[in-house]
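Residue-level structure breakdown
Below, each chain spelled out in residue letters.
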Amino acid sequence: MDSTDRLRERWLDTAAGILQEADPGVARAQLNDALLKSFHAFAAARAPLAGNGGIQGVSIFGQYAGLDTPAWPLAVERAGTDHPVFAYHNATADPTPVTLLQVGERGWPVSEFASFMIERLGLCTHQLSLPLATAGPESATYGFVSDGAYLERDQESARYLQPIVRGLDTHIRLLESLLPAPAAAPGRPLTVREQLVLTLVAQGCTVNGIAARLCVSPRTVHKHQENLYRKLGAVDRLSAVLRAQQCGLLPQQPAGADDRPGGYAGNSHTPLVTASVSASVSI
């Protein structure tokens, strides 16, 4: 069986699984996993394209090593204009899959700021974009980051899969639209640090582990936990996570979500999330 046949078989199985799945969280995890495997990516993102700069509602999956850095919100805020691939799609509305190297050759090189952010977030310049649409309110793209260069055969695969991915993504978003409205958010919003502690709590990190990750004392972590428990009306870790999911502050995790999509042997990047995390920045 050649590579094209294997790719076709994988995506027939993926499409069948997604179309039979009633839970959009499970369906989204299946799509993300197939994308990471097909494009040998250690990290990826689904990002709306914003012509005026800034990207809101970025959904990330895989193994992002630098999510807990203070640079992440700034990277999201400026991605629409400072990341060459997003800037290229916004300027040209080109719907074809393209690599970071190619957009640089076409006049959208990696700026000093973008280069700094790529390094700060633990990424690299081996990046591939698979647009879903490049015009209108539904414009968005999937971006992949790999340890190795993306070749022409990878772009051929992206072009072949583009209509399939677009259709499955639309199907999942329709499923998501049928979900009940989330519970009301807490009266007092969580601070950035409280939200980060909440995310790490949801991943099962201990207080000492969170303290080491954030370079603070365990006592400080306990204080953040007390504050977010109070705001969420929670009494322990489990009730805090469930309440946060109901409020839309954490993604709904399917059963068995400790499988890390994209966690492949030989990958040196440290996992931070189990499935996906959404980050929104208002400009």
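The structure contained in this document is the topic of the report that follows. Everything quoted here is computed from the prediction, not taken from an experiment. (Residues numbered from 1 in each chain as written. Predicted model: local features only at pLDDT ≥ 70, side-chain atom pairs only at ≥ 80, totals over all residues. Heavy atoms only, no water.)

1. Thoughts on the overall build of the protein chain
A count of helical and extended segments in the protein chain gives eleven helices and six strands. By residue count, 46% of the 283 residues in the protein chain fall in the buried class. Counting only contacts in the protein chain whose residues sit at least 6 apart along the sequence, the fraction spanning at least 24 positions is 65%. Taken as a whole, the protein chain presents about 14,000 Å² of accessible surface, with 55% of it coming from carbon and sulfur. (Helix = DSSP H or I, 4+ residues; strand = E, 2+ residues; numbered from the N terminus. Buried < 20%, exposed > 50% of the residue type's maximum accessible area, 1.4 Å probe, protein only. Contact = heavy atoms within 4.5 Å. Areas by Shrake-Rupley, 256 points an atom, 1.4 Å probe, with all protein chains shown as cover.)

2. Topic: the pattern of salt bridges
Per the stated rule, a full pass over the model turns up ten salt bridges. Across the pair Arg-28 and Asp-169 runs a salt bridge, and its minimum N-O distance is 2.8 Å. Separated by 141 residues along the polypeptide, Arg-28 in helix α2 (residues 24-38) and Asp-169 in helix α7 (residues 152-177) bring together distant segments of the chain. Classification of Asp-169 as buried rests on a relative accessible area of 1%. Arg-173 serves as the salt-bridge partner of Glu-138, at 2.9 Å between the closest nitrogen and oxygen. Of this pair, Glu-138 sits in the loop between β4 (127-133) and β5 (140-145) while Arg-173 sits in helix α7; the two residues are 35 residues apart in sequence, bridging distant segments of the chain. Salt bridges here are not isolated pairs; linked through shared partners, they connect Arg-28, Arg-46, Glu-138, Asp-169, Arg-173 and Glu-176. (Salt bridge = Lys/Arg side-chain N within 4 Å of Asp/Glu carboxyl O.)

3. Details of the packing of aromatic side chains
Applying the stated criterion across every chain, the model contains four aromatic pairs. With 6.3 Å between their ring centres and 75 degrees between their planes, Phe-61 and Tyr-142 make a pair best called edge-to-face. Here Phe-61, found in strand β2 (residues 58-62), pairs with Tyr-142, found in strand β5; they are 81 residues apart in sequence, far enough to count as distant. By the burial criterion, Phe-61 is buried, and Tyr-142 matches it. Between Tyr-88 and Trp-108 the ring centres are 5.1 Å apart and the planes differ by 85 degrees, which places this aromatic pair in the edge-to-face class. Of this pair, Tyr-88 sits in helix α4 (residues 84-92) while Trp-108 sits in the loop between α5 (100-105) and α6 (112-120); the two residues are 20 residues apart in sequence, bridging distant segments of the chain. Looking at Tyr-88, the relative accessible area reads 5%, which means it is buried. For Trp-108, a relative accessible area of 26% translates into the label partly exposed. (Phe/Tyr/Trp six-rings, centres within 6.5 Å; stacked < 30°, edge-to-face > 60°.)

4. Some points on the pairing of strand β1 (residues 43-48)
Within β1, five of the six residues are buried, leaving the element largely enclosed by the surrounding structure. Here β1 pairs with β2 via four bridges, running antiparallel. Bridge pairing in β2 places Ala-43 opposite Gly-62. Two elements, β1 and β5, share six bridges in a ladder whose sense is antiparallel. Each bridged residue has a counterpart across the sheet, and for Ala-45 the counterpart in β5 is Gly-143. (Pairing = 2+ DSSP bridges.)

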